[in-house]
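# Close look at the chain arrangement
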Amino acid sequence: MMFGGLQRVIEYPDLGFAISQCVLEDVHAAYESLIRDGFTDYLIAS
């Protein structure tokens, strides 16, 4: 669920649902790595 929450922190500002927040480069890299590894159960459709 935290993984889906991070996606929302990243995606929602572009959709107008939240203000932009800083996501550290290492955190964003780990997020992308987990997506490639198949951790997608709690993600919203892009």
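Report follows, based on the coordinates. Quick caveat, the model's predicted, so the values are computed rather than measured.

## Comments concerning the overall build of the protein chain
Scanning the protein chain from N- to C-terminus turns up two helices and zero strands. Principal-axis analysis of the C-alpha atoms gives the protein chain an extent of 30 × 20 × 15 Å. Each of the 46 residues in the protein chain was classed as buried or not, and the buried ones make up 11%. Working note: accessible area of the protein chain is about 3800 Å², and carbon and sulfur atoms make up 58% of it.

## Re the packing of aromatic side chains
This structure, assessed with the given rule, holds two aromatic pairs. Here Phe 3 and Tyr 31 contribute two aromatic rings whose centre-to-centre distance is 5.2 Å and whose plane-to-plane angle is 50 degrees, an arrangement assigned as tilted. Residue Phe 3 is found in helix H1 (residues 2-15), and its partner Tyr 31 is found in helix H2 (residues 25-36); the two are separated by 28 residues along the sequence. Among the residues examined, Phe 3 registers a relative accessible area of 17% and is labelled buried. Here Tyr 12 and Phe 17 contribute two aromatic rings whose centre-to-centre distance is 5.3 Å and whose plane-to-plane angle is 70 degrees, an arrangement assigned as edge-to-face.

## Looking at the environment of Leu 34
Along the polypeptide, Leu 34 turns up in helix H2. Through-space distance from the C-alpha of Leu 34 to that of Phe 3 is 8.8 Å; in sequence the pair is 31 residues apart.

Quick notes on the rules
- Within any chain, residue numbers begin from 1 and follow the written order of that chain's sequence.
- In keeping with the predicted nature of the model, local features appear solely for residues at pLDDT of at least 70, side-chain atom pairs appear and are counted solely at 80 or more, and the whole-chain, interface and lining totals rest on all residues.
- Remark: hydrogens and water are excluded; side-chain values derive from all non-hydrogen atoms of the structure.
- Here a helix means four or more residues in a row that DSSP labels H or I, a strand means two or more in a row labelled E, and each is numbered from the N terminus.
- Any residue under 20% of the maximum accessible area for its type is buried, any over 50% is exposed, and the rest in between are partly exposed; the area is computed with a 1.4 Å probe on protein chains only.
- Only the protein chains shown count as cover for residues, and all accessible areas are computed by the Shrake-Rupley method using a 1.4 Å probe.
- Two aromatic rings from Phe, Tyr or Trp, using only the six-membered ring of Trp, form a pair when their centres are within 6.5 Å; if the ring planes differ by under 30 degrees the pair is stacked, by over 60 it is edge-to-face, and anything between is tilted.

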